[in-house]
Structure formats: structure tokens, C-alpha cells
Amino acid sequence: MSKHSYTFKVASLALSLAILSGCSKGPATSTYTLPVETGVSRELAEHRNLTMSNVQYDIKLRIPAVKDAPIPATETISFNLLSKEQALHIDFKEQQDHLHAIQVNGKQIPTVFQNEHIVIDPRYLKEGQNQVQLEFTAGNLSLNRNEDYLYTLLVPDRARTVFPCFDQPDLKAVFKLTLTLPQNWKALANAPLQDSVMTGATKTYTYLPSDTIPTYLFSFVAGDFRKVSNSDRGRTMHFYHRETDQDKLKSIDPVFSIHRDALAFMEDYTQIPYPFQKFDFVAIPDFQYGGMEHVGAIDYKASTLFLDEGATKDQLVARSNLIAHETAHMWFGDLVTMRWFNDVWMKEVFANFMADKISKTTVKDSNYDLKFLIDHFPAAYSVDRTAGANPIRQDLANLQDAGSLYGNIIYHKAPIMMRQLERLMGEKAFQEGLQVYLKTYANSNATWPQLIEILDARTPADLQAWNKVWVNEPGRPVFDSKLDVEDGKISVFSISQKGEDGSDRLWPQLFEVALVYDDRVEEYTVNMNQPSVEFQEVIGKEWPLYVLFNSSGQGYGTFPIDARGISYLPKLQNPVMRASSYINLYENMLNGVDIKPDMMHYITLLQSPNEQEELNLKLLTGYLSETFWKFTSPEQRAKLAPAFEKNLWEAMEKQKSGNNKKLFFKAYQNIALTKEALDRLHQVWQSQKAPTGVTLTEDDYTSLALSLAVRDYTNSEGILQKQLGRIKNPDRQKRLQFLMPALSSDEQVRDGFFASLKDRSNRDKEAWVGTALSYLHHPLRAESSEKYLRESLELVEEIQLTGDIFFPTNWLQSTFGYYQTPTAAQTIRTFLAEHPNYNPKLKGKILQAADPVYRAEKLVK
């Protein structure tokens, strides 16, 4: 620590204590007692940040082969204390009986345990170096224990569920880890392995001291894994996995290559060499997220990394983007970490923003603008259009609520905002600002205002005012226009905006408008820095066939639709223009403006066979499915299904691209309702012979079996059992076994499955639970499953406390996503009315999930 930072810390501490004690003169003598609250309050975190430094952990865990056996552990926490005015609070979210002994500075002390904290009286502490030694049983909540492997996942505040610690992002520490394991297990941790010792049926791994990292990045994985090593470009990487499928194992070389390309890009862009000791990664079956950026030991969902010959372009691009995202985190989030989790979005926005840049340069035939548009805008709109929309930067009083900050706004609206900021500043100035930010706060913590200050110095624009509506407030604008013609020329063209909530807020942004003619497209940039702008640049231009608003796909909000243009969509040569049109049509349909669900059906079915760009085709067929299941009544679905099935099958047969054929086949599978369609799907599954030109994999045939079962196809139980026998990988077998009760044709079996989810231990595999719920609440089962809705809402608070960060959203979206009855909507409204003091962030999640249910009340006829 530098002298400057030490002086600041002492001065800040003295000021804080003076304020707390109410003294105006003389030395600070605090009479204030820090409250012992559950979780990690911001007050506690700020106090510890002011009074502590140089934190180090030495943790020893003895992991048994039996999943349910306790894990004995010891730990030494070392730290410097600047003041011992207050009791020391060590976070540990477990039962007191997990604590067996505590020594402070060599002296055994009694255990005082309150509200998830070990409380150490100041008389046992001293100013300067302190040492706390603990014997305890490790907590299981975040160890993700399976029969033959386990892994930690400690973001945002889950380190305290495993071992006692100071669980906050701005007390970075060095970790020394020792693991004793069954002899046939392997392990991966943040730091390089120092040595390994065999003793009987066990072996002990001792790791070197880690880099300086926050507690949420502390990680280890242990179990029956295979290890693959690769050395190239001066760096050796190790990849741990459990995959057995020989076709999927062909992914290993590309996975290494994508990581190396991403590292090279980040080192060049930031002008900072990779900042940590090693770079390894592991593929975990049904991992809760796509990936997690643990320093030196990145975790990935195995199914995202291991692709086979049936992989679509979208899957290949998604894999590259995920790897780039986690690699970018090594600089944004790991090297420079947010000070408090209200700025968690900062690490996520730059990881996504950089991942898009990396993919632009490293993915073959990548269309950066198209991918950015399709990846981010529909996902951001899915939250920002709802009554539960949240701003990018949110308040956070206690880390136990930090998981509720995650969602599509920070992962998708934030990159849109950041791209607008880059465009406003210019790419070079923006990049230079980020380089200064990373070098200034390397191995430390920073806030969004500190970054804005750096960027603000590099542009004449008022970023503080710009920041208010984009970052600190929720919602999106709605654009309108006035367009007049005189003597065949444009005489008036103005564009205005207001908040979707009716407010007069202004989102300063740049976007494009295109005038489409028979023989050309003229595109112009609009600087929307006022509530209304006169578009002088096009006055006097020839009257076009139609006007395409937001033609570059970079504008954020809903834009006017020139109805003349719908029939011209196939003639647009630019795939970004077509994608922007599709998105705007869908958003206007949801708002009940100009486009109705039946018109959206017509547009998607008409345009899909003409669309050759795979990413656009996936977007279109997705909109077809969404409109069909969410905003079309069961009676109308039954009438539409035969024609839809026929059109999709014929479109599939006419396509030349294998990937496009597969997208049409998947759309056909998704909406199939008639006996003819189901018999055809069953024949494909039974024979394992895909339609000509379509490549189907084991996962695809499992998906077919699930689709048949949820439709109560003849002998659906036998279909699932046979598919179970076809699956060779034991992890994928267990997944299907878990899903089967949710797909049962017997309502009592489904009732029993839902009831089982009330037990937290049955929700351990959160990805499985989300998939099971989507089948349990499938529109074809809605009549018998609506009775689960109230109990599902009552479980949300517990799920937020016991599940990982995305689980509450996953639980709610999988449950409510496709209901369209007035009684389902009323169940939600009644629940919220009966809980007026409900956690506001969780209420927001409920309102986000309820949005299609509420819209269906207006759209479904």
C-alpha cells in the first residue's frame, strides 16, 4: 500500500468515527456500536474497508468421496487493523454448530455468533497485524456437490456460505489453499499447484498463494475430470472436462484457439499483458451460468463449449462470444473490480462490449453490427418495456440482495449504452479512457463515477447529464415522426421522442434513417440530442417508396413503422436493416401499435423462406413461436397449426443451407400440433433419420422426445425411457431422469414433482429445474398447471436467498412465460397487492415475468 492511500484511509477513518460519535473537537472516541445484521450491509462493508488492509486467507479443506459427508476445514485469516474501536464481524452464513474453535492472535476465545457473523470483541484485537484461526465444517450451500465432483460458485456473496471471510469486493485478498481429496480426483484452483502428496486413499494438493482477488472470485473445482493441456504462443493452458462423446471432443482444439485469440485481442486493446499467474478453465455439466470468470480457473457450462457437427452458426458464434466475455473479465472485473455490487454492471457491460469487439475480429464471416443488434436489443427490450424495469445502476444496501441486480439490463442494455457512448466520444478517445482507467485502478477497486470522470475529460459532451437517463433511470423512449410531401419531394421531416412511460425524458443518441427507393437506399444519421429534431438533410429529397427508421439498428427505443415497407422487406439487401425491421415490428405489436399478432404471424411466415441470413432466420422463427404460443388463443392455434406446419416444412425443404434447414425443422417441432405433424416428428425420432440436409445430434433427439411427451403423444413414457437408454453420457442421463416427472402424462406425478421443488435440495441443479418448469408450465399443460402459480410466487424469496443469481428470474420466467388467462394475471396482481412491502427488486422480477401475461389480456382475442 502506498503512503498516499494509507494517509487517506486513516483520515477517512478518523472522519467517520468523528461523525459517528458526534464529536466536534479532540480525538475521535466512538460510542457508536456497529449493528450485527444478516448479510453484508453497506455500512459494515464501508467500516471494514476503512479499518482493514492486507487480508490473507490460508484455507485447508478435507473433501470426502461421499457427497453428503461433512467437510472438515481449518482456516487462518491474517489482516492489518487500523483501529479496534469496534468488534470485528467475520461473515459466515451457516449454523453456529459448524464452528468448532476460534483463536485470535494465539488465544482461544469463546464463540459469539450473531446473524450470520462471528463477532470478535475488540479486547482480543490489536492495531496492526492480527491473525484469526478457525476450525469449522465447511458450508454446503455453494459447493455444488455431486456424486463424483463439486465446484464453488461464490458470486456475489456466497464465499461466506462456505468459509468465514470478509465477503465484500473491496477487501481483495491473497488465498492459500490446500485440498485433501479422494486419490482418483483432480482439482483446479485460482493459483498454480505447488505440490501433491499421496497418503493412502487420498491425496493432498497444496497451491501457491493466489493473485490478489475478491472473495467472490475465489474458486476450486474437484472431482472425476479429464485434463487436457495445450501450449502455444508462449502460454500453457489446462482444460478440465467430463465429456465422453467423441464428436463433441473435437471441440477441444477450437476452444483453446478461441481463448488465445481473445487474450491476444485484450492485451492489444488494453495495452496491459494478461495480469495473472495462469489461465486454465473447466467445463461443468449444467453449470448455472454460461461461464464464471474465476481468476486462473474459468468455469463454463459444458454444453456451450462442446459442440458437434450439428452446431448452428448461432451456436458457434455464441461459444466464441462466451469465451471472449469471460476472457475480457480478466481485465474488467478481475484486475479492476467494482467497489460495491451496485456497480456489478460495470464488469458485465465491458465483458459483453469487449466480447462483441473480439468476435468482430476473430469469428469468420462475422457481421458485428448484426450480431450486436440481435444479441442485445430484444433482450434489453424484454425488461425495459415492463412495469418492473430497472436502471442499469441500482442502489444496494446489503450484499444479500446483490443477486437481484443481475439480468438483461446489465448484460444487454448496458452494452447498447456503452456503444452509444463510444460513438459519442469516438473510438480512439474511448479506448484511451479505458486504458487509463485500467492502469489507474489495477489490482484495486473503482466506481462508475470514477470511470465517468476519466471519460468526461476526453470529450466535450456533458457525460454527467447523459449518464442520468441512460444509466440511472429505467425505461426506453418511443419515437414519432412527421413526414410530408410536396410536388413529389420531402417537405417536412421531423422526429421526436418521449419516454414510454409518458415522461418528457430525453435519451441522447445517434441512429440512422434510410430512404428506400426502387434502385437504391439512402441512409442518413440522426443526432437525437433534443426532444424533437428537424431532419433538414432530407428536405427536398425525392419521395421514397418508404422510410426505414433505425436502419443501422443502433437506436434504442420503439420507432415508427412505415406500413408501405412491409412488402419490401425481402428486397432489402442489408441484413442489419432487415433485422432492425423485424425487431421494431415485434415491439410495436407488443405495444398494440399498427401490428396485431395475426399480422406478425403473416410477416414472419412470409419473410422466413426469403431470409438467407441464419441469425435473422433464428430471430424470425423465434418471433413466430413467441407470437404463436403467447399471444394466440388455443382455439386460434388449432386453426392456424395445419397451415403453419405445412409452410415451415416446405420452407425447410427449399432451403439450401443445412443450418437454415435445421432452424425451420426446430420451428416446425416447436409449433407442431396436428396428428400428422406429431407422427412425422415421431418417425424422425424413432428412426433417428433426420430430414434431408438436416443434421440432428443426440441432444436434438432428446429434445424431440421431450416435445412428443409434453404433447401426450402415444406411449410418451416409453419414448422417454427409450431415449434415456440411447444417451451414453451419465451426466446427460441424470438430467433426463430429473425432467421426466415434469413431462408425465399423469397429473398426479406432475403435482408430486412440483411439490418436491419446495425442498431446497431438489433445486440444486438449477438449470434442470428451469427446463423442467418450462415443460410443466407449457401452454399445452397450462390448464392443469395454473394451480402452481401462487405457490411459485410464495417461494421466490427463499429461492433468492438459497439459489444462485439468475435462479429467481429463471424460476419466474419458466413459470409465467406462456400464461394468457385472466386468472393467471389476477393471481400475480393479488399476490403483489397482499404483499405491499415486498422486496422491491424481487417485485421487479415478478413484474418482468408477468409482462407477457398482462399483454396477453389485450392482445389475445
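For the structure itself, look to the data block above.
Presented here is an overview of the structure given in this document. Here the structure is a predicted model, which is why all the values come from computation and not from measurement. (Residues numbered from 1 in each chain as written. Predicted model: local features only at pLDDT ≥ 70, side-chain atom pairs only at ≥ 80, totals over all residues. Heavy atoms only, no water.)

**Let's talk about the overall build of the protein chain**
The helix and strand tally for the protein chain stands at 28 helices and 27 strands. At 28 Å, the protein chain has a C-alpha radius of gyration in line with the 29 Å of a compact globule built from 861 residues. With the principal axes as the frame, the protein chain shows a C-alpha extent of 90 × 65 × 60 Å. Looking at the protein chain as a whole, 60% of its 861 residues are labelled buried. Nonlocal contacts in the protein chain, meaning residues at least 24 apart in sequence, comprise 71% of its contacts between residues at least 6 apart. Here the protein chain displays about 33200 Å² of accessible surface, and carbon together with sulfur accounts for 50% of that area. Counting 93 positive and 106 negative side-chain charges, the protein chain places the averaged centre of each group 2 Å from the other. (Helix = DSSP H or I, 4+ residues; strand = E, 2+ residues; numbered from the N terminus. Rg over C-alpha atoms; globule rule 2.2 N^0.38 Å. Buried < 20%, exposed > 50% of the residue type's maximum accessible area, 1.4 Å probe, protein only. Contact = heavy atoms within 4.5 Å. Areas by Shrake-Rupley, 256 points an atom, 1.4 Å probe, with all protein chains shown as cover. Lys, Arg positive; Asp, Glu negative; His and termini not counted. Charge placed at Lys NZ, Arg CZ, Asp CG, Glu CD.)

**So, the sheet that holds strand S7 (residues 117-120)**
The strands making up a sheet are joined through hydrogen bonds of the backbone, oriented either antiparallel or parallel. Sheet architecture is open: three strands sit in the order S3-S7-S6, paired in antiparallel fashion. Edge strands, defined here as strands with exactly one partner in the open sheet, are strand S3 (88-91) and strand S6 (113-114). By the bridge criterion, four bridges tie S3 to S7 in an arrangement that is antiparallel. Residue histidine 89 lies in a different strand from S7, and its bridge partner there is valine 119. Of the strands in this sheet, S3 and S7 are in contact with helix H2 (residues 42-51), which crosses S3 at around 115°. (Pairing = 2+ DSSP bridges. Axes fitted to C-alpha atoms, helices over the stretch in contact; angles between N-to-C directions.)

**Remarks on a nonpolar patch on the surface**
On the surface, a nonpolar cluster with roughly 280 Å² of combined accessible area is contributed by Met599, Tyr602 and Leu606. Here tyrosine 602 shows up in helix H13 (residues 597-607). (Patch = residues over 30% accessible without salt bridge, like charges linked within 9 Å, V, L, I, M, F, W, Y side chains within 5 Å. Salt bridge = Lys/Arg side-chain N within 4 Å of Asp/Glu carboxyl O.)

**Topic: the environment of glutamate 626**
Its location among the elements puts glutamate 626 in helix H14 (residues 614-630). Taking the relative accessible area as the measure of exposure, glutamate 626 reaches 22% and is therefore partly exposed. As a C-alpha pair, glutamate 626 and proline 852 span 226 residues in sequence and 9.9 Å in three-dimensional space. Setting aside residues up to four positions removed in sequence, glutamate 626 forms contacts with Tyr586, Phe631 and Tyr818. Reaching out from glutamate 626, the side chain makes a polar contact with the side chain of tyrosine 818 at a distance of 3.3 Å. (Polar contact = N/O pair within 3.5 Å; in protein donor to acceptor, adjacent residues only side chain to side chain.)

**Some remarks on the sheet that holds strand S27 (residues 546-549)**
Read across the open sheet, the three strands follow the order S25-S24-S27; overall the sheet is antiparallel. Bordering the open sheet on either side are strand S25 (521-528) and S27, each of which pairs with just one other strand. Across the sheet, the mean angle separating the axes of adjacent strands is 25° when strand polarity is ignored. Taken together, the four bridges between strand S24 (residues 509-516) and S27 define a ladder with antiparallel strand orientation. Looking at the pairing, valine 513 lines up with phenylalanine 549 of S27.

**Points about the pattern of salt bridges**
Across all of its chains, the model carries 56 salt bridges by this definition. For aspartate 280, the salt bridge goes to lysine 278, with nearest N and O atoms at 2.9 Å. The buried category is assigned to aspartate 280, whose relative accessible area is 5%. Arginine 829 is the salt-bridge partner of glutamate 857, the closest N and O atoms lying 2.7 Å from each other. Of this pair, glutamate 857 sits in helix H28 (residues 840-859) while arginine 829 sits in helix H27 (residues 822-834), and the two are 28 residues apart along the sequence. Members of the salt-bridge network, linked through shared partners, are Glu116, Asp157, Arg158, Arg160 and Asp804.

**A word on helix H9 (residues 427-440)**
In an α-helix, one full turn covers 3.6 residues, which means residues spaced three or four apart are oriented alike. Relative to the 20 Å expected for 14 residues at 1.5 Å per residue, H9 spans 20 Å between its end C-alpha atoms, a close match to the ideal helical length. Elements that come into contact with the buried residues of H9 comprise helix H3 (252-270), strand S20 (336-338), helix H6 (344-362), helix H8 (408-425), strand S21 (444-446) and helix H10 (448-456). (Expected span 1.5 Å × (residues − 1).)

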